[in-house]
Every structure is written in structure tokens, then in C-alpha cells.
Amino acid sequence: MRTPRTGALDALYTPAWVGLMLVVVVLVLGARLVLGPPQGAGRAPAPRPPSVELVPRQPGGYGWSLAGRRIVLDPGHGGADAGAVGRAAMPEKAIALDTALRAAALLERAGARVVLTRRDDEAPGGTGQSSLVERVRLTRNTGADVMVSIHADASPDPSARGVTTYYYHPEAASLARAIQQELVARLGTVDRGVRSADFYVVRAAPVPAVLVELGFVTHPAEARSLSSAGYRQAAAEAIVDGLARYFASWGRP
Ligand SMILES: [Zn+2]
């Protein structure tokens, strides 16, 4: 549709106006050349070490990216500390250990070097805070690239369900996203999202560290899932796929 020109618009196109506008443009560009861009423009504030951008999912996965990586798997709780005990046939400590052992086997098959903070029902470093300190010490002393702490969730609300991945330092956010996305895709449960929280092991670990909650032992259906080997195997595969995608973002070694 054509719009008829008004008299005012016609005035904008007179040679005098065009000449004046050209002079203004030249002056502004000249000032920027001499003085540099205005403060704050074109320069982002100094970032913390950037999170790696995740590579997209790929059929067949990124198993190659795991070769030679040092990965600490930390099954939560252990020994006298059973973790959450809900409706599941297994306490949280047993769910965490079994899932970690399954993930360790898969990672080792892909050429990764895995350190488990515990391989049996013995919490490393005793109980309480001293155990958490020992888990972080193991992560530091083994020259780990990343650390994944494995847990199951509990809530006074029996309808609470789903998987959550926690991180503390922004550098670990992309690792958390990668693992959470794979968990949600494989376990087909509620996506409670990636969250930042002050858990000691993920805050104190000297490498990108995350804490996964594989589901709620207090939810009737999810408790049954967590008690099944198939669900824990799927969770282990999801953790491994998430790690593979994360390391693929580092590029080929
Ligand atoms: Zn726990």
C-alpha cells in the first residue's frame, strides 16, 4: 500500500537537511574513532572462568570424549549414615553406591579413569562433616577433572518427585545441565531443573562438581523405580552420557 507523502515528510528530504544529517554522522563517527567506544559499550564485565557451551546431542553419543578423563564418583552417605530412608526397598546410601558402581563400569569401558570415594558400605573418613572433607580431599589428591556426587532425594511431601542436579560454582553449571538433560531424557520423570545450592562437596571440590538427586525415596512410584536395577542402570547411563557431552565440549584432546 502506498502512503501519500505529507508536506512535513517532503521537508525532511530537502538537500539542506540531508547535508546537515551527513555532517552529524561524520562528527559522531570521528569522535568515536578518536575517543574509542563509549564506556560500557562493546565490553562485557570481566567474567568468571566461562562455563563450557554444551555440544548438542548426537546419535551414538560422545563416548570418545571420556578417554583419559579423571572422574571422581561420590556415592553419598554410607555406613551408619544411611541417607534418606523412605518407601524404597533400599536406603539412599545403597541406591547411590549401586548407581555409582554401574556408572564407574561404563566410564572405565570408555577409557576414563574413575575414582570412587567409596566402593562398599563404608563412608570415607568416618561420619558427618569429616566424611565430606575426606571426599573433597580424595577429589583434590587424585587430580580429578570433575566430581559427581550421587544421591536420592526425600521430602515430607509424598507427591514430590523428579530429578535435580545441583552445582555451586558457575563453572560447573554446564556439567550440571548436561547430566540433568540426560537424566530427564532417560528416566522419563519430572525435571526439577538444575539448581545452585551450597552443598559442601560441590562447593569445596577444587574441580567442576555436581550433586545429582536421582528421584525421591518418599514418592511411592519413584521409590519403586529407585529400587529397580533397570532404573539405576538408566541413571548410570545418563550420568555417563552427560559427562561425555560435557567433555566433548572441551574439544578433542
Ligand atoms: Zn543424600
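Rules of the game
Residues numbered from 1 in each chain as written. Predicted model: local features only at pLDDT ≥ 70, side-chain atom pairs only at ≥ 80, totals over all residues. Heavy atoms only, no water. Salt bridge = Lys/Arg side-chain N within 4 Å of Asp/Glu carboxyl O. Helix = DSSP H or I, 4+ residues; strand = E, 2+ residues; numbered from the N terminus. Buried < 20%, exposed > 50% of the residue type's maximum accessible area, 1.4 Å probe, protein only. Axes fitted to C-alpha atoms, helices over the stretch in contact; angles between N-to-C directions. Left-handed = near helix turned anticlockwise from the far one by under 90°. Contact = heavy atoms within 4.5 Å. Nonpolar A, V, L, I, M, F, W, Y, C, P; charged D, E, K, R; others polar. Pairing = 2+ DSSP bridges. Core = buried A, V, L, I, M, F, W, Y, C linked by side-chain atoms within 4.5 Å. Donors = N, O, S within 2.8 Å, 3.2 Å for Na, K, Ca; no water.

What about the pattern of salt bridges?
- As enumerated under the stated definition, the model contains 10 salt bridges in all.
- Across the pair Asp-74 and Arg-135 runs a salt bridge, and its minimum N-O distance is 2.8 Å. One end of the pair, Asp-74, is in strand β1 (residues 70–75); the other, Arg-135, is in helix α4 (residues 129–141), and 61 residues separate them in sequence. An identical accessibility class is assigned to Asp-74 and Arg-135; each is buried.
- For the salt bridge of Glu-182 with Arg-245, the shortest nitrogen-to-oxygen distance reads 3.0 Å. Placement of the pair is Glu-182 in helix α5 (residues 173–187) and Arg-245 in helix α8 (residues 229–248), with a sequence separation of 63 residues. Of the two residues, Glu-182 and Arg-245, neither departs from the other in class, the shared state being buried.
- Ionic contacts of the salt-bridge type, sharing partners, join the residues Asp-98, Arg-102 and Arg-232 into one network.

A short note on the packing of α5 against α8
- The N-to-C vectors of α5 and α8 enclose an angle of 145 degrees; their axes lie 8 Å apart at closest approach. Where α5 crosses over α8, the handedness of that crossing is right-handed. Mapping the contact onto sequence places Ser-174, Leu-175, Ala-178, Ile-179, Gln-181, Glu-182, Leu-183, Arg-186 and Leu-187 in α5 and Tyr-231, Ala-234, Ala-235, Glu-237, Ala-238, Ile-239, Asp-241, Gly-242, Leu-243, Arg-245 and Tyr-246 in α8.
- For the contact of α5 with α8, the residue count by class is 12 nonpolar, three polar and five charged.

A few points about the sheet that holds strand β2 (residues 113–116)
- The strand order across the open sheet built from six strands is β2-β1-β3-β6-β4-β5, with neighbouring strands paired in mixed fashion. Both outer strands of the open sheet, β2 and β5 (191–196), are each paired with one neighbouring strand and no more. Each adjacent strand pair in this sheet contributes to an overall mean axis angle of 20 degrees, direction not counted.
- Note that β1 and β2 share four bridges and pair parallel. In the strand pairing of β2, Ile-71 is matched with Val-114.
- Its contacts with the sheet put helix α3 (residues 92–109) on β1, β2, β3 (146–153) and β6 (209–216), and the angle it makes with β1 is roughly 160 degrees.

So, the nonpolar core
- Core analysis: the biggest nonpolar cluster contains 51 residues, and Leu-183 and Leu-243 have the highest contact counts within it.
- Counting residues in hydrophobic clusters, the runner-up holds 12 residues, among them Ala-144, Met-147, Ala-209 and Leu-211.

Re the coordination of the zinc ion
- Ligation of the zinc ion by protein atoms is provided by His-77 (NE2), Glu-92 (OE) and His-151 (ND1), these donors lying 2.0 to 2.2 Å from the ion.
- Look at where the donors of the zinc ion fall in the sequence and you get H-x14-E-x58-H. Taken as a pair, Glu-92 in helix α3 and His-151 in strand β3 lie far apart in primary sequence, 59 residues in all.
- Assessed through its relative accessible area of 12%, His-151 is described here as buried.

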